[in-house]
Amino acid sequence: MGMPPDEARVHELLERYADMVLRIAYQNLKSRPDAEDVAQEVFIRFMQKMPRFASDEHEKAWFIRVTINLCKDFLKSGWKKRTVYAQPPEDFCGLPFRVLDTVMELPEADRNVLYLFYYEGYTAKEIAAILRCREGTVTSRLSRARARLKILLEEERTPCA
């Protein structure tokens, strides 16, 4: 276990990364309560480990990677498989519900690269380092995700005959 948490440091990082962590968790889990649980667990992990970072980018990448990994673990858990939610997800973090809902129809890998590219401003090379895959894989996922998203959004606009 790392050193005791420095309250000021934890508060600073909570202010800096809470919204990002919550958005990543929400777009992976499609549930605000589950996203809030995962976000809380991310910061608990940080306080337990108190990792040292080489740079701000390394720090941000750590929060992204841990959030995605905890979401994957959560989705594999028995709890998630047995839980039924009474209400659909609501408009969240200022993102239009229609677009967010459509993005959530994409496979997890596509959602994550879209988020990191468009919302966090990472390049394909930086995303590859964060997700631990090849840059070509990231560019393929981005291309595929954009094409699928375009088709899905156009289908929504087309009235049923």
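This text gives an overview of the structure that appears in the document. Given the structure is predicted, the values throughout are model-derived calculations rather than measurements. (Residues numbered from 1 in each chain as written. Predicted model: local features only at pLDDT ≥ 70, side-chain atom pairs only at ≥ 80, totals over all residues. Heavy atoms only, no water.)

### What to know about the overall build of the chain
Then step 1. For the chain, the count of helices and strands is eight helices and zero strands.
Then step 2. Written out in order from the N terminus, the α and β elements of the chain read α-α-α-α-α-α-α-α.
Then step 3. Within the span of the chain, comprising 161 residues, buried residues form 40% of the whole.
Then step 4. Across the chain, contacts joining residues at least 24 apart in sequence account for 72% of those joining residues at least 6 apart.
Then step 5. Accessible area of the chain: about 9,600 Å², with a carbon and sulfur share of 54%. (Helix = DSSP H or I, 4+ residues; strand = E, 2+ residues; numbered from the N terminus. Buried < 20%, exposed > 50% of the residue type's maximum accessible area, 1.4 Å probe, protein only. Contact = heavy atoms within 4.5 Å. Areas by Shrake-Rupley, 256 points an atom, 1.4 Å probe, with all protein chains shown as cover.)

### Re helix H2 (residues 32–49)
Then step 1. Taking 1.5 Å per residue as the helical rise, H2 with its 18 residues ought to reach 26 Å, and the 26 Å between its terminal C-alpha atoms agrees with that figure.
Then step 2. Within the sequence span of H2, burial applies to Asp34, Ala35, Val38, Ala39, Val42, Phe43 and Phe46.
Then step 3. Structurally, the start of H2 carries an N-cap: the backbone nitrogen of Asp34 is 3.3 Å from a side-chain oxygen of Ser31.
Then step 4. Phi for Met50, located one or two positions after H2, is positive at around 40°. (Expected span 1.5 Å × (residues − 1). Polar contact = N/O pair within 3.5 Å; in protein donor to acceptor, adjacent residues only side chain to side chain.)

### Some points on unusual backbone geometry
Then step 1. A positive phi angle, close to 40°, is found at Met50, a residue other than glycine.
Then step 2. If you trace the backbone, Met50 turns up in the loop between H2 and helix H3 (56–76).
Then step 3. Phi is positive for Arg132, close to 60°, though the residue is something other than glycine.
Then step 4. Locating Arg132 in the fold gives a position in the loop between helix H7 (124–131) and helix H8 (135–157).
Then step 5. Arg132 sits in the exposed class, given a relative accessible area of 67%.

### Focus on the pattern of salt bridges
Then step 1. Considering all chains together, one arrives at 11 salt bridges under this definition.
Then step 2. A salt bridge links Glu59 to Arg9, with the nearest nitrogen and oxygen atoms 2.3 Å apart. Remark: Arg9 occurs in helix H1 (residues 7–29) and Glu59 occurs in helix H3; sequence separation between them is 50 residues.
Then step 3. We classify Glu59 as buried; its relative accessible area is 2%.
Then step 4. Classification of Arg9 by relative accessible area gives partly exposed; the value is 26%. (Salt bridge = Lys/Arg side-chain N within 4 Å of Asp/Glu carboxyl O.)

### Here we look at the nonpolar core
Then step 1. Formed by 47 residues in total, the largest nonpolar core has its most connected members in Met20, Val21, Val38, Phe46, Phe63, Ile64 and Leu116.
Then step 2. At the level of elements, H1, H2, H3, helix H5 (97–103), helix H6 (108–119), H7 and H8 are the ones that each hand at least two residues to this core.
Then step 3. Per-element accounting of this core gives the leading share, 10 residues, to H1.
Then step 4. Excluding residues that lie within four positions of it along the chain, Leu116 makes contacts with Ile64, Gly121, Tyr122, Ile127, Ile130 and Leu131. (Core = buried A, V, L, I, M, F, W, Y, C linked by side-chain atoms within 4.5 Å.)

### Let's talk about the packing of H1 against H6
Each pair of packed helices can be summarised by the angle the axes make with each other and by the distance between the axes.
Then step 1. Running from amino to carboxyl end, H1 crosses H6 at an angle of 155°, the nearest separation of the two axes being 10 Å. Classed by the angle they form, the pair H1 and H6 counts as roughly antiparallel. The handedness of the crossing between H1 and H6 is right-handed. Two secondary-structure elements touch here, H1 through Met20, Arg23, Ile24, Gln27 and Asn28 and H6 through Glu108, Arg111, Asn112 and Tyr115. (Axes fitted to C-alpha atoms, helices over the stretch in contact; angles between N-to-C directions. Parallel < 35°, antiparallel > 145°, perpendicular 65-115°, else oblique. Left-handed = near helix turned anticlockwise from the far one by under 90°.)

### A word on the packing of H6 against H7
Then step 1. Put simply, H6 and H7 touch, their axes get as near as 10 Å, and they point 130° apart. Considering their axes alone, H6 and H7 lie oblique with respect to each other. The interaxial crossing formed by H6 with H7 has right-handed handedness. Facing Val113, Leu116 and Phe117 of H6, the residues of H7 in contact are Ile127, Ile130 and Leu131.
Then step 2. Residue classes in the contact of H6 with H7 are distributed as six nonpolar, no polar and no charged. (Nonpolar A, V, L, I, M, F, W, Y, C, P; charged D, E, K, R; others polar.)

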